[in-house]
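# Tertiary structure, described
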Amino acid sequence: MCAPTCRHRESASGFRVTQDELKAAVAREAVKHAVEDAVIGVGTGSTVNFFIDALASMKDRIRGAVSSSERTAERLRGHGIAVLDLSDIDEIPVYVDGADEVDGGFAMIKGGGGALTREKIVAAVSRKFVCIVDASKQVQILGRFALPVEVIPMARRHVAKELARLGGSPKLREGFVTDNGNLILDVSGLSIIDPVALEERINNIVGVVTNGLFARRGADVVIVASAAGIRTLTRP
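Because the structure is a prediction, the values reported are computed rather than measured.

This paragraph deals with the sheet that holds strand β5 (residues 92-97). Pairing is mixed across the open sheet formed by six strands, whose spatial order is β4-β3-β5-β8-β14-β15. Strand pairing shows two members of the sheet lacking a second neighbour, β4 (64-67) and β15 (229-234), which therefore form its edges. Across this sheet, the average inter-strand angle for adjacent strands is 20 degrees, counted without regard to direction. With six bridges joining them, strand β14 (residues 221-226) and β15 adopt antiparallel strand pairing. When the bridges of β15 are listed, isoleucine 223 appears paired with threonine 232. Where helix α3 (residues 70-78) meets the sheet, its contacts fall on β3 (39-42) and β4, and the angle it forms with β4 comes to roughly 160 degrees.

Quick look at the nonpolar core now. Counting 26 residues, the largest nonpolar core has Ile40, Val42, Phe51, Leu55, Val96 and Ile132 as the members making the most contacts within it. For this core, the elements supplying multiple residues, two or more each, are α1 (19-30), β3, α2 (46-55), β5, β8 (126-134) and β14. The leading source of residues in this core is α2, at five residues. When sequence neighbours within four positions are dropped, the list of residues in contact with valine 42 reads Val48, Phe51, Ile52, Leu55, Ala65, Val66, Ser67, Ser68, Thr72, Leu76, Tyr95 and Val96. Among the nonpolar cores identified, the runner-up in size contains 22 residues, and Ala107, Leu147, Leu163 and Leu190 belong to it.

Rules behind the numbers
- Residues numbered from 1 in each chain as written.
- Predicted model: local features only at pLDDT ≥ 70, side-chain atom pairs only at ≥ 80, totals over all residues.
- Heavy atoms only, no water.
- Pairing = 2+ DSSP bridges.
- Helix = DSSP H or I, 4+ residues; strand = E, 2+ residues; numbered from the N terminus.
- Axes fitted to C-alpha atoms, helices over the stretch in contact; angles between N-to-C directions.
- Contact = heavy atoms within 4.5 Å.
- Core = buried A, V, L, I, M, F, W, Y, C linked by side-chain atoms within 4.5 Å.
- Buried < 20%, exposed > 50% of the residue type's maximum accessible area, 1.4 Å probe, protein only.

Here you go:
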């Protein structure tokens, strides 16, 4: 029996589909994008955990993976998948990661799991970014999900004031430190009409490491799971 927090969606055939089942389905579809005899970039989060589990079925046909977080690295190693240092890799053909929100222009909000900086680095050096989500993550305008901003600890108050001037309501993520030793401010109340411009503006605030808008380097492919099945959207 499902826990009280488990979400269900009705499939076309009338069966109830849990959110975990949707995540597992989209993860299995994403494995098709893995390039054999190459290194794959792997993101962080609950949907990505299902992808790692599915990737284990072809671990002997890839060179290994570059991880965006310590948590992901641990799960990869647990499946016997080699975790490589990005500094030792010439290129990454494909990066697979989830998103907290994704809009019709393939821009995303990421960082709910706190790994946004390393995710952004791996995405930047990958030729193709495959985003895997369930249909609840698709939005017309980004901003319903609070935007994570990674900040140097001593700059927390300054950055919070600057984010408030942009119309947001920043809140410290209590009890959380990133893999880089920094803090995260989660910024609610934003309606992000121009994701590229806002991404650049926030990144220019002194003390910001990076923010969770993935717009300048958005997704190339978005794979969406819903009760109706799997859809693959490709950037024009």
